[in-house]
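Residue-level structural notes
As a plain string of letters, each chain reads:
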Amino acid sequence: MSKDNKKVSIGGQALIEGIMMQGPKGAAMSVRLPSGEIETEQLELKKLKDKFKPAGWPLIRGIVNFVESMLFGFKCIEKSAEKAGLDDENIPEEEMSKLDKWLSDHFGPKMIAVISGIAMVLGFGLSFLLFVYLPTFLVDIVDKYIFKDALANLHPLFEGIMRMIIFVFYFYLVSLMPDIKRVFMYHGAEHKSIFCYENGLELTVENVKKQSRFHPRCGTSFIFVVIIISIFISSVLVVLFPKIDDVRLVWISIKLLIIPMTVALSYEFIKYAGSHDNILVKILSFPGLMMQRISTKEPTDDIIEVGIASLKAVLPDDVEDNN
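Small disclaimer: the values here were computed from a predicted structure and weren't measured.

What follows concerns the overall build of the protein. A count of helical and extended segments in the protein gives twelve helices and four strands. Here the protein holds 323 residues, and 41% of them are scored as buried. By element, 65% of the accessible surface of the protein is carried by carbon and sulfur atoms, the whole surface being about 18,100 Å².

What follows is the structure in structure tokens.
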């Protein structure tokens with residue numbers, strides 16, 4: 001197969017002991033079972049744009065895709081945890097804490113869903129605190145007590161920089177956890193497998209190992225593009241409406257309201273970056289690519305095998321059918 005024919009839309013996500021891929025043949029996930037075998041499962045992937053065409057229009061599609069990806073990815077992580085034997089049903093009763101036993105007695109099979117729901121709510125709360133409120137609070141303190149309110153028009157810029165610093169530090173701390181490090185190795189295998197395919201090479205462990213683990217369409221790059229574009233939009237608002245950030249609660253609310261626009265523009269850029277290689281793409285993609293040095297790790301051969309299995313499950317039988 002020629003290299004040109006390899007340029008098809010492939011994306012994925014690292015899971016618990018597995019990888020989910022999306023491609024021309026839909027979605028599939030491969031998980032390394034406790035027995036050592038790789039189990040590959042085709043997944044039902046429903047897209048709103050298939051029923052409602054405007055959901056696939058530029059700008060709108062970014063928001064729709066973001067929400068769909070979060071919900072679908074969350075379900076895949078849950079399923080991979082069950083397959084990998086990490087669900088609470090497989091924990092011996094003598095090893096369960098009092099809280100685990102209480103949850104198991106009251107919720108039974110629904111325990112994982114309940115815990116996951118609570119974790120999601122706490123996760124959103126922590127994200128708001130760390131990446132929305134904290135940067136604004138810190139910049140206000142520094143401006144008030146060090147610069148004597150001389151940086152009012154530069155708040156969006158400094159808040160964005162502070163948000164990047166917090167994000168990188170948070171990711172670094174998370175990456176030190178052994179379980180998360182293994183997920184990051186699957187993340188690296190996902191990228192390497194996709195690169196191997198895009199470069200027109202046969203999907204073998206040796207060929208995949210030679211590929212880069214840094215991919216411009218990665219969700220990590222997307223997050224940095226979101227931050228950069230949010231800085232630009234916030235700066236424009238401050239210039240147009242100089243007093244808009246005087247009331248901090250109002251300013252935080254406005255930043256929350258412009259998130260959909262920021263996500264939409266970021267999605268369009270990432271989609272553009274996937275097929276272009278100009279100076280603008282390189283500049284805006286650079287922070288995300290550097291961040292992938294933390295969010296991806298070099299995978300072992302057994303992890304690469306999972307990446308190859310999940311990728312093969314979503315590839316068209318004839319690449320030219322997708323052109």
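With antiparallel pairing, the four strands of this open sheet are ordered in space as β1-β2-β3-β4. Strands at the two margins of the open sheet, each flanked by one partner only, are β1 (11–15) and β4 (38–43). Between one strand and the next, the sheet's axes are offset by a mean angle of 15 degrees, whatever the strand orientation. Across five bridges, the pairing between β1 and strand β2 (residues 18–23) is antiparallel. Bridge pairing in β2 places Gly11 opposite Gln22. The sheet strands contacting helix α2 (residues 60–83) are β1, β2, β3 (26–32) and β4, and the helix crosses β3 at an angle near 30 degrees.

Scored by pLDDT, the protein has a mean of 83; 83% of the residues are at 70 or more. Note on residues 1–6: pLDDT under 50 across the span, and 13 contacts to partners over four residues away in sequence or across chains.

Even without being glycine, Glu17 reaches a positive phi, approximately 55 degrees. With respect to the element layout, Glu17 can be found in the loop between β1 and β2. A positive phi angle, close to 75 degrees, is found at Leu59, a residue other than glycine. Structurally, the position occupied by Leu59 is in the loop between α1 (48–51) and α2.

Counting 23 residues, the largest nonpolar core has Ile10, Met21, Leu203 and Leu311 as the members making the most contacts within it. Apart from the residues within four sequence positions on either side, Ile10 is in contact with Met21, Gln22, Gly23, Pro24, Ile194, Tyr197, Arg217, Leu311, Val314 and Leu315. Membership of the second largest hydrophobic core comes to 17 residues, among which are Val225, Val238, Ile270 and Val281.

Position of Asn207 among the secondary structure elements: in helix α7 (residues 205–209). Of note is the side chain of Asn207, whose polar atom sits 2.9 Å from the backbone oxygen of Glu202. In contact with Asn207, not counting residues within four places along its chain, are Cys196, Leu201 and Glu202.

Moving on to the packing of helix α5 (residues 155–175) against helix α9 (residues 248–257). Between α5 and α9, whose axes approach to 14 Å, the crossing angle comes to 65 degrees. On the basis of their axis angle, the class for α5 and α9 is roughly perpendicular. As α5 packs across α9, the resulting crossing turns out to be right-handed. In this structure, α5 contributes His155, Pro156, Glu159 and Arg163 to the contact, and α9 contributes Arg248, Trp251 and Lys255. For the contact of α5 with α9, the per-class residue count stands at two nonpolar, one polar and four charged.

With that settled, consider the pairing of β3. In terms of burial, β3 is largely enclosed, as six of its seven residues are buried. Across six bridges, β2 lies against β3 in antiparallel orientation. Bridge pairing in β3 places Gly18 opposite Val31. Taken together, β2 and the strand that follows it, β3, pair antiparallel across an intervening segment of two residues. Strand direction decides the pairing type here: β3 and β4, joined by six bridges, are antiparallel. Within the sheet, the bridge partner assigned to Met29 lies in β4 and is Glu41. Between β3 and β4, which pair antiparallel in sequence order, lie five residues; one of them, Gly36, sits at a positive phi of approximately 100 degrees.

Within the secondary structure, Glu68 is located in helix α2. With no salt bridge to any partner, buried Glu68 finds its closest opposite charge in Lys47, at an N-O distance of 4.2 Å. Each residue touching Glu68, except ones within four places of it in the same chain, is listed here: Lys46, Lys47 and Leu48.

With that settled, the discussion passes to the packing of aromatic side chains. The tally for this structure, following the rule as stated, stands at seven aromatic pairs. Here the aromatic rings of Phe131 and Phe167 are separated by 5.9 Å at their centres, their planes lie at 65 degrees, and the arrangement is edge-to-face. Pair noted here: Phe131 is in helix α4 (residues 111–145) and Phe167 is in helix α5, with a separation of 36 residues, a long-range link. Through a chain of ring-to-ring contacts, the aromatic side chains of Phe131, Phe167, Tyr170, Phe171, Phe184 and Phe224 assemble into a single cluster.

What counts as what
- Residues numbered from 1 in each chain as written.
- Predicted model: local features only at pLDDT ≥ 70, side-chain atom pairs only at ≥ 80, totals over all residues.
- Heavy atoms only, no water.
- Helix = DSSP H or I, 4+ residues; strand = E, 2+ residues; numbered from the N terminus.
- Buried < 20%, exposed > 50% of the residue type's maximum accessible area, 1.4 Å probe, protein only.
- Areas by Shrake-Rupley, 256 points an atom, 1.4 Å probe, with all protein chains shown as cover.
- Pairing = 2+ DSSP bridges.
- Axes fitted to C-alpha atoms, helices over the stretch in contact; angles between N-to-C directions.
- Contact = heavy atoms within 4.5 Å.
- pLDDT = per-residue confidence, 0-100.
- Core = buried A, V, L, I, M, F, W, Y, C linked by side-chain atoms within 4.5 Å.
- Polar contact = N/O pair within 3.5 Å; in protein donor to acceptor, adjacent residues only side chain to side chain.
- Parallel < 35°, antiparallel > 145°, perpendicular 65-115°, else oblique.
- Left-handed = near helix turned anticlockwise from the far one by under 90°.
- Nonpolar A, V, L, I, M, F, W, Y, C, P; charged D, E, K, R; others polar.
- Lys, Arg positive; Asp, Glu negative; His and termini not counted.
- Salt bridge = Lys/Arg side-chain N within 4 Å of Asp/Glu carboxyl O.
- Phe/Tyr/Trp six-rings, centres within 6.5 Å; stacked < 30°, edge-to-face > 60°.

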